[in-house]
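What follows is the residue order along each chain.
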Amino acid sequence: MRKSAELRKAEIVATVLEMADRIGPDRVTTAAVAQQIGVTQAALFRHFPSKAELWAAVAEQVTDTLATAWRTALEDVSDPLERVRALVAAQLALIARTPAIPMLLFSRELTIENDLLRGAFQERLGAFHEMLAADLAAAQTQGRIPADLAPRDVAYLLSSLVQGAAIRWALGARKTSMEETGLALLDVQLRLLQRQEGSRRDA
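Quick caveat: nothing in here was measured; it's all calculated off a predicted structure.

The rules behind each value
Residues numbered from 1 in each chain as written. Predicted model: local features only at pLDDT ≥ 70, side-chain atom pairs only at ≥ 80, totals over all residues. Heavy atoms only, no water. Helix = DSSP H or I, 4+ residues; strand = E, 2+ residues; numbered from the N terminus. Buried < 20%, exposed > 50% of the residue type's maximum accessible area, 1.4 Å probe, protein only. Contact = heavy atoms within 4.5 Å. Polar contact = N/O pair within 3.5 Å; in protein donor to acceptor, adjacent residues only side chain to side chain.

A separate point is the overall build of the chain. When helices and strands are tallied, the chain shows 10 helices and 0 strands. Reading the helices (α) and strands (β) of the chain from amino to carboxyl end gives α-α-α-α-α-α-α-α-α-α. Taking the principal axes of the C-alpha coordinates as reference, the chain spans close to 70 × 35 × 30 Å. Taking all 203 residues of the chain together, the buried fraction comes to 45%. For the chain, the share of sequence-separated contacts (at least 6 apart) that also reach a separation of at least 24 residues comes to 67%.

This is how it looks when you write it as structure tokens:
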């Protein structure tokens, strides 16, 4: 049975993400994608007339999935530090399900060549950072993290923690749970922040 255009497009995007993880995004070509799916390159170009449009569809898929994961993670969570943990957990879980994400985000060659891709990822990473910063500011207002720390700086620290855990896992043997490792590191960092604030109040 012949697949509809939408199903074929979804298959193509999924194949690009799988190949980006397996061989690296910079080695993904339209010819290789077509061969993997079992169609001609001309057939692939009927759905995506250029490689740039193909990567734009990949970027849309990834950024939409990220936004949905964050929104779902924060449902019915009001405590600011619990929200921070929920956001990070959602990010780690999504990367574990789609290992190509860190490869795409940090592919210098790919993002330099594709302004749309770079802009989409930068906008989404910026949104993640701002969400973390807002909840950290709320926790700071509650006196739970040091008042002299800039929430945006702490958000950068936690974002870097996620990125580091993701890249180590994506480039490694993947024998351990990246989610468990990343959340353990996050919990250590949050405990250190809260202990520092507690020590200042006791001084």
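Following the structure, the description resumes.
This next bit is on the side chain of Thr 30. Examined against the element boundaries, Thr 30 turns out to sit in helix 2 (residues 30–37). Looking at Thr 30, its side chain comes within polar contact range of the side chain of Gln 41, at 2.7 Å. Excluding its chain neighbours within four sequence positions, the residues that come into contact with Thr 30 are Gln 41, Leu 44, Phe 45, Lys 51 and Leu 54.

Turning our eyes to something else, we now look at the environment of Glu 18. Mapped onto the elements of the fold, Glu 18 is located in helix 1 (residues 5–23). Note on Glu 18: relative accessible area 34%, which makes it partly exposed. For Glu 18 and Val 33, which are 15 residues apart along the polypeptide, the C-alpha to C-alpha distance reads 10.0 Å.

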